[in-house]
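Structural features, examined
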Amino acid sequence: MQVRNNRRLLEWVRSDIEDDPPSNPPTLNLRDFGFRYCGNWLSQSLCRFHEELIADLESIKTNRGQSICRIAFRGAAKTTWVAIDTIKGAIEGYDPYTLVVKDSEPNTVKDLAIIADHLEESPQLLADYGVRITNRSASSLEFSNGSKIDAMGAGQSPKGRKHRGIRPTKIIADDIESTKTAVSPAAREALLSKFRTDFLPAGEPGRTNFVFLGTPAHLESAVQAIRKDREWRTKEYVAIETFPTNMEMWRHWAGLLFNLDDPHRDETAEAYYQANRDDLEDGAKLLWKERFPLKFLMSKYMGDGVAAFLSEYQLSPWNPATAYFEPAHFDQAQTFTEWEPTYKRFIMSLDPATGADIKRGDDAAIALMGIQESGRKDLDFDSKRRVPAMTVAAMMKHIRERKIDTIVAETNGFQGLIVDLLEKAMKDHDAEVDKYNKEEIERCRAAGIPTGQLKPKLHRPSIRRIEHHQAKETRIMVLASPLAKNEYRYKAGSPGVKAAHEQGKTWPSCAHDDLLDAWSMAENEASKGWHIGGMR
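So, here's what we can say about the structure. (Residues numbered from 1 in each chain as written. Predicted model: local features only at pLDDT ≥ 70, side-chain atom pairs only at ≥ 80, totals over all residues. Heavy atoms only, no water.)

Some thoughts on the environment of Ala 333
In plain terms, the rule: The secondary structure listing takes helices from DSSP runs of H or I that are at least 4 residues long and strands from runs of E that are at least 2 residues long, numbered from the N terminus. Categorising residues by exposure relies on relative accessible area from a 1.4 Å probe, with only protein chains included: less than 20% of the type maximum marks a residue as buried, more than 50% marks it as exposed, and the intermediate range marks it as partly exposed.
Along the chain, the position of Ala 333 falls in the loop between helix 15 (328–331) and strand 11 (334–336). According to the relative accessible area criterion, Ala 333 is partly exposed, its value standing at 22%. C-alpha separation for the pair Ala 333 and Trp 250, spaced 83 residues apart in sequence, amounts to 20 Å.

Encoded structure:
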């Protein structure tokens, strides 16, 4: 209803101003403009990062030809405030041609659609300025005052782009590096080279402003290179500016919060927090405590793993020369001796090794995961250098021994062969059972004796074929959070568990990571997390 009313009001305002545009549009700074016209995008509180970013954007409005880089953790609303400045620049005309670049064209187009939808449903903005969108496409907006906003992906070329004879007056590079690009040395180098050779020359010297926004995902990511470039004025903002003094108390709190044996763990942890709040918060200094309070940040720090937290919130990406997972996650792990009689769900995952020669290639890694009602996960691993037929035989053994609900298998390229062979083996097994049972029934009937015990058919699990498009490093990193939360128990005395732990303690420098890859597939299936990841 509100949208319909806004549209009616918009049409009335538009018809009223088309022949008589406002002669005295408001004179607002960026902060007031944002809260007046884009208030639904904003939190009521601003932090030091926002105040400084707003001041910097205001400054380069008149002091042209600047290159500024602002590095902040995800969720800090850096994209939001730069988008508000983009709208203001187009409406007021001080940036008649803005080019917005993100990691991919779909992401840039999505953000541009958010801007366009907002403007088309903002009668107050139209009434105050008399400027409206006259031409809208998926990747471009043109305004009645002659301004234009274009959107494109980092893989596209800006060469030759002009609007009414001028080059872009502002080029915004907003998180131009995807996670997939960040973990590939060749992709990182290609992206940075393209940015420097294609995007930087696309502006007008002395007039075009460059705004680079990002969160480093790798020690050698593009934003890290810009950070070191003296041509750019760079500022950095972390979520926790000073960590709390009593970290041991926070570790105790985390032990209560992630204790899967306590069905009231949230209440238990909260009671401890409230009883010790002053001591827990002593010494802590946060950038934006209203949006990211200390308790939330410490739950991420303790629950996602230190490496993941430092990369996401502290601008300190993981160093591939060191181990990613904390050794204590494996050395102090809980164990079990026998599988539970029943589980909420049981998953088997496979990182296959293909090829007829058993002496070549990686091991075929199988992960077995039983998920309890509490959420705790029991794990065992089976890894040997096998030809496909032997891998299928091993998987069939596990299927016969326990009720497996889901099988997850990597099927990139020829690796799908093993799944095909497994499906055939299950079908052949049931056909043999049917044949045996039929012959047994007929034999007993002919002998005039009661039918003996018949062979059961397999419990047929569903099969998920996974074609990986993410980098393996990205897939394996998903284990950080459940490891930090102590969600796993491991089969005592299992050689497979020992091998998996050895890989985990030295990853990514370990010689083999097949068990970790199989483990991550089971974890993703357990959490249904087959994705990564509006304006942030």
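Still more to cover.
Quick notes on the pairing of strand 15 (residues 406–410)
Using the following cut-off: Paired strands, in this sense, are two strands between which DSSP finds at least two bridges.
By the criterion of burial, strand 15 is predominantly enclosed, with 5 of the 5 residues buried. Of the two faces of strand 15, both are covered, the one formed by Thr 406, Val 408 and Glu 410 as well as the one formed by Ile 407 and Ala 409. Bridge analysis of strand 12 (residues 345–351) against strand 15 gives 4 bridges, and the strand direction is parallel. Looking across to strand 15, one finds that Leu 350 is bridged to Ala 409. By the bridge criterion, 5 bridges tie strand 15 to strand 16 (residues 462–466) in an arrangement that is parallel.

What about empty space enclosed by the protein?
Summary: where empty space remains is shown by rolling a probe the size of a single water molecule over the atoms. So the rule is basically this: Computed over the protein atoms alone on a 1 Å grid, cavities are sets of points where a 1.4 Å probe fits but cannot get out and pockets are open sets with protein on both sides within 12 Å along at least five of seven lines; a residue lines them when it has an atom within 4 Å of a point. Grid points are joined across faces, edges and corners, and a volume is the space filled by probe spheres set on the points. Residues were grouped as follows: Ala, Val, Leu, Ile, Met, Phe, Trp, Tyr, Cys and Pro as nonpolar; Asp, Glu, Lys and Arg as charged; and all remaining residues, including Gly, as polar.
What the largest cavity holds in volume is close to 130 Å³. Thr 79, Ala 83, Val 100, Asp 111 and Ile 115 are, among the 16 residues lining the largest cavity, the residues nearest its centre. Contributions of two or more residues to the lining of the largest cavity are made by helix 4 (78–92), strand 2 (97–102), helix 5 (105–120), strand 5 (148–153) and strand 6 (170–174). Of the residues assigned to the lining of the largest cavity, the class counts are 10 nonpolar, 3 polar and 3 charged.

So, the layout of surface pockets
Reported here for the second largest pocket is a volume of approximately 530 Å³. Considering the residues around the second largest pocket, the lining is formed by 24 residues, among which His 329, Leu 483, Ala 484, Lys 485 and Asn 486 are closest to the centre. Taken together, the elements giving at least two residues each to the lining of the second largest pocket come down to helix 10 (247–257), helix 13 (294–304), helix 15, helix 19 (480–484) and strand 17 (488–491). The element contributing the most residues to the lining of the second largest pocket is helix 10, with 3 residues. Of the residues that constitute the lining of the second largest pocket, the class distribution is 12 nonpolar, 7 polar and 5 charged.

A look at helix 20 (residues 495–506)
An α-helical turn contains 3.6 residues, so a residue and the one three or four places further along point in the same direction. Condition: Expected span of a helix: the number of residues minus one, times 1.5 Å. Read the arc as the range of directions from the helix axis to the C-beta atoms. The criterion used for residue contact is that any of the two residues' heavy atoms lie within 4.5 Å. Each polar contact in these results corresponds to two N or O atoms within 3.5 Å; when the atoms are within protein, one needs to be able to donate a hydrogen and the other to accept it, and residues that are neighboring in sequence are counted only if both atoms are side-chain atoms.
Here helix 20 spans 17 Å end to end across 12 residues, near enough to the 16 Å set by a 1.5 Å rise per residue. Residues Gly 496, Val 497, Ala 500, His 501, Gln 503 and Gly 504 constitute the buried set of helix 20. Projected down its long axis, helix 20 shows its buried positions confined to an angular sector of 160°, all on one face. Looking at helix 20, the residues exposed on the side facing more than 90 degrees away from the buried face are Pro 495 and Lys 498. Buried residues in helix 20 make contact with helix 15, strand 14 (377–384), strand 17 and helix 21 (514–527). Looking at where helix 20 begins, the residue whose side-chain oxygen comes 3.2 Å from the main-chain nitrogen of Gly 496 is Ser 494.

With respect to the pattern of salt bridges
Heads up, the condition is: Throughout this description, the term salt bridge denotes a Lys or Arg side-chain nitrogen within 4 Å of a carboxyl oxygen of Asp or Glu.
Under the criterion given, the structure shown has 45 salt bridges. For the salt bridge of Arg 161 with Asp 150, the shortest nitrogen-to-oxygen distance reads 3.3 Å. Taken as a pair, Arg 161 in the loop between strand 5 and strand 6 and Asp 150 in strand 5 lie far apart in primary sequence, 11 residues in all. The class of Asp 150 is buried, set by a relative accessible area of 4%. For Arg 251, the salt bridge goes to Glu 248, with nearest N and O atoms at 3.0 Å. With Arg 251 and Glu 248 both in helix 10 and 3 residues apart, this pair spans about one turn of that helix. Under the relative-accessibility criterion, Arg 251 is labelled partly exposed at 41%. What emerges from the salt-bridge pattern is a single network uniting Arg 64, Asp 85, Asp 95 and Lys 170.

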